[in-house]
Structure formats: structure tokens, C-alpha cells
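Residue strings, one per chain:
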Amino acid sequence: MNTSYTFIIIPFLTTLALSLLSVPYVIRLCKKKELYDMPNSRKVHNFAVPRLGGIIFMPITAIGMLVGMTIFNGGVNKEFNLYLSTILMVVGALLIYLIGLIDDLRGLRAIEKFAVQITAAMIFPSCHLMINNLNGLFGIYELPFWVSYFLTVFIILLIVNAMNLIDGIDGLSSGLSILILIAFTYLFNKLDTPLFVLLSICLCGSIIGFFVYNYFGVIGKHKIFMGDTGSLFIGFVVAYLAIKYQMSSWPGFGYREGAFLTSFTLLFIPCIDVIRVALQRLANRKGMFSPDKTHIHHLIMGMGFGMHQTLFTILLLYAILCIINWGLFVCNTPQTWIILLDVAIYSAFIWSTYKIGNTK
């Protein structure tokens, strides 16, 4: 583990400062060009809100990483190793970023966005980033190549869309992302992998700056949403970090007990929620992309909770599940039973929201 935290702290403060300074300019641009997220029957806000907050995430993260790599390598004259796989992943992130931006600016059909997402997701296996071992989950270990390939693409699409679709109330997608990225910063620092530490902490810093305006913006009339540009980009980066961390065959990583469970735990809430909603829509003979108000935040608000109360409830549930999983793992509980318990707790929670909400 790297014991010098300068290359973490300075890039974090850099991205945080840049984010705090740039968001007001984005808000003014949105107001000038009338780029608003308009209220409707499915959304919880009741006034027009600028929607391009996520446009800052990719450039600011890149700046922060350049600062961090310069510090870590001792100066700008040092050579950085740039691999083809790194270039391909940057291309994938850029595709996701651009498709989100186009959607925020003029709108796109779901099938158009999904086609680009599949293209970007297929880059992962091309770079040998795959879920190729379930580490004993349901008795499954090594996976055949074709199973690993399609499972990896599916999981990436799941994570990307989960982070997008859970972005329904102030601070939810950004709040969960901050917790996830802080965890990955710690985990990758333990593995002494500075590139992934920087990616995690720099994106985290840029999101925290946005979170301030998204959560507290009404007070200072600086309210803004991240839009698809932000949520899709976050989803892609988080998917990259999660799949990277769970791999045991990557040079320098080696087998780590609980690596798969860790990635699963950090992404469980947004992913299980989008799976439940999709299955529920299919059961009700609706299209999987049909808009409705059945996501976890809608159900909690249906119980009579305010937006901020809903946010804290979901973040508390997330923290509780992380603590439970860690405790059970330390006690050598098989990960199959841990994951089944997570699903049971989530299911009981959702059932209770329906029961209480129907009595209101």
C-alpha cells in the first residue's frame, strides 16, 4: 500500500475545487440556452432545472489524474506507460460521455443509447477485463470464455443503466457514487495500483463539488441535475473499477478472498433495483424502458417521506448492507449465503414500502 498520500489528496482537492468553481458557469450556460429538465408526472421536481451538471465529470477527472500522475512520477519529464487497453477504455468512456451529452442536448431514443452502450461495453472483454470466475458463488468457479464474455457485457450494461435510472432524486446517484468511489480508492490503494486510485478519487472529487449544488442548490438558486452525461459516465467508470477489482488473474492483483463479493456489495443497491423494476414491468406487460414510478426512491417517497429523508434512508440501507456483508465475510460465511441474505433484506424492505405506502 502506498504510504504517501500527497498524490491522492492534491488531485482530490484539485478536482473538488474545479467542480465547485465550474458548476455555476454550467448553470448559466443552461439558463442561456434553455437546457432544462422539465417536470412531468414521473419526476419528483416541480420546476425547470438545468440538466448538464455531469458535463464537468470527464474533463475535471482527466485534469485531476494528470496532476496526480505528475506528482506520483516526480515530474512532467517522466514517461508514462500508455497501453492499448488504456486507450480503448478511454475511447469507451468517451463514447458513453458523448451519447449522454447528445441525449441531454436534443434527446435520443432508448434503442440508440443502448446500441452505443453495447459497443462501449464490448471493449471490456477486448481488453481482457472480464468476470471469468465467480469464486464459488452457487458452487461456480471458472467460467467458459463465451459465458464470461456475455456475462461481462451484461453486467456493464446493468451497472451503467442502474446508475442512470437511480438518478431520480437530489443526491441519490451522486451520493451512492461518492461512497462507492471512496471505497474503491481505499481498496486500490491497498493493492498499490495508483492509476485506479487516481481514477476513483478524482471522479469522487468532481462529483462531490456537483453534489453541493444538486443537494443544496435551491437555497442559493444554483440547482442543477447531472443529466445522462454524468450518470452514464459514472456508471461506466464504476463498472470498470468493479470488474477490475474482482479480477484475480490480472498481473499484480492475484487471488483475493472476497474480491468478487466486494464488487457485488458496492453495486448491489442500484443494480438490484433496476433488475426488480425491469422484471416488474415485464410481469405487468409493459416495456422494460417504459417510464413509471416504481424505483426504490419513488416507493419510499410514497410512504410519505420527503426527498432528503428518502436519500438518507437509501444511503443508510446501503451502509447497513455493506456492514452486514463485511461482518459475515469476516466470520467466514459462504458468499452465496451473504448474497442471498442481501436479496432477502432488499426484498423485505421493498415489500414494506408497498405495504406502508398503500395505507397512506
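Residues numbered from 1 in each chain as written. Predicted model: local features only at pLDDT ≥ 70, side-chain atom pairs only at ≥ 80, totals over all residues. Heavy atoms only, no water.

A. Examining the packing of helix α9 (residues 227-246) against helix α10 (residues 259-283) more closely. In contact at an axis separation of 7 Å, α9 and α10 are set at 160° when each is read in the N-to-C sense. In terms of orientation, α9 lies roughly antiparallel with respect to α10. Across the interface between the two elements, Val238, Ala242, Tyr245 and Gln246 of α9 pack against Ala259, Phe260, Thr262, Ser263 and Leu267 of α10. Split into classes, the residues belonging to the contact of α9 with α10 amount to six nonpolar, three polar and no charged. (Axes fitted to C-alpha atoms, helices over the stretch in contact; angles between N-to-C directions. Helix = DSSP H or I, 4+ residues; strand = E, 2+ residues; numbered from the N terminus. Parallel < 35°, antiparallel > 145°, perpendicular 65-115°, else oblique. Contact = heavy atoms within 4.5 Å. Nonpolar A, V, L, I, M, F, W, Y, C, P; charged D, E, K, R; others polar.)

B. Structural view of the nonpolar core. Core analysis: the largest hydrophobic core is formed by 104 residues, its most contacted members being Phe57, Phe184, Leu241, Leu267 and Ile269. Element by element, the count of residues in this core is highest for helix α8 (residues 194-220), at 13 residues. If near-sequence neighbours (up to four positions away) are discounted, Phe57 is found in contact with Leu203, Ser206, Ile207, Phe210, Met226, Gly230, Phe233 and Ile234. (Core = buried A, V, L, I, M, F, W, Y, C linked by side-chain atoms within 4.5 Å. Buried < 20%, exposed > 50% of the residue type's maximum accessible area, 1.4 Å probe, protein only.)

C. Seen up close, the packing of aromatic side chains. In this structure the tally under the stated criterion is 16 aromatic pairs. Taking the centre distance of 6.1 Å and the plane angle of 70° together, the rings of Phe124 and Tyr240 count as edge-to-face. Note that Phe124 is positioned in helix α5 (residues 123-126) and Tyr240 in helix α9, a separation of 116 residues in sequence. Both residues of the pair, Phe124 and Tyr240, belong to the buried class. (Phe/Tyr/Trp six-rings, centres within 6.5 Å; stacked < 30°, edge-to-face > 60°.)

D. Structural context of helix α3 (residues 84-106). For α3, built from 23 residues, the straight-helix expectation of 33 Å at 1.5 Å per residue is met to within 8% by its first-to-last C-alpha distance of 33 Å. For α3, every residue scored as buried is listed here: Met89, Gly92, Ala93, Ile96, Tyr97, Ile99, Gly100, Leu101, Asp103 and Asp104. On its buried face, α3 sits against α2 (57-73), α4 (110-121), α5 and α9. One or two residues past the end of α3 sits Gly107, with phi positive at roughly 85°. (Expected span 1.5 Å × (residues − 1).)

E. Looking closely at the environment of Pro144. Structurally, Pro144 is set in the loop between β4 (140-142) and α6 (145-165). A C-alpha to C-alpha distance of 7.4 Å links Pro144 and Asn132, two positions twelve residues apart in sequence.

F. Looking closely at the pattern of salt bridges. One pass over the structure, following the stated rule, counts five salt bridges. The closest approach of N and O atoms between Lys113 and Asp103, which form a salt bridge, is 3.1 Å. Of this pair, Lys113 sits in helix α4 while Asp103 sits in helix α3, placing them ten residues apart in sequence. Residue classification places Lys113 among the buried residues on the basis of a relative accessible area of 16%. The buried category is assigned to Asp103, whose relative accessible area is 14%. A single network of salt bridges, built from pairs that share partners, joins Asp103, Lys113 and Asp228. (Salt bridge = Lys/Arg side-chain N within 4 Å of Asp/Glu carboxyl O.)

G. Seen up close, the side chain of Thr310. Inspection of the secondary structure assignment puts Thr310 in helix α12 (residues 307-330). A polar contact of 2.8 Å, which involves the side chain of Thr310, links it to the backbone oxygen of Gly306. Setting aside its immediate chain neighbours within four residues, Thr310 contacts Ile169, His297, Ile300, Met301 and Phe305. (Polar contact = N/O pair within 3.5 Å; in protein donor to acceptor, adjacent residues only side chain to side chain.)

H. How the structure looks around the confidence of the model for the protein. Looking at the protein as a whole, the pLDDT averages 88, with 89% of positions reaching at least 70. Mean pLDDT values over the elements of the protein span from 79, in strand β1 (residues 36-37), up to 96, in α12. (pLDDT = per-residue confidence, 0-100.)

I. Inspection of the packing of α6 against α10 at higher detail. Contact pair α6 / α10: the axes reach a minimum separation of 8 Å and the direction vectors enclose 90°. One finds that α6 runs roughly perpendicular with respect to α10. The residues of α10 that touch α6, namely those facing Leu158, Ile159, Ala162, Met163 and Leu165, are Leu267, Pro270, Cys271, Val274 and Ile275. Per-class residue counts for the contact of α6 with α10 are ten nonpolar, no polar and no charged.

J. Focus on a nonpolar patch on the surface. Side chains of Leu84, Ile87, Leu88, Val91 and Leu95 sit close together on the surface and give an oily, nonpolar patch of about 400 Å² of accessible area. Looking at the element boundaries, Leu95 is found in helix α3. (Patch = residues over 30% accessible without salt bridge, like charges linked within 9 Å, V, L, I, M, F, W, Y side chains within 5 Å. Areas by Shrake-Rupley, 256 points an atom, 1.4 Å probe, with all protein chains shown as cover.)

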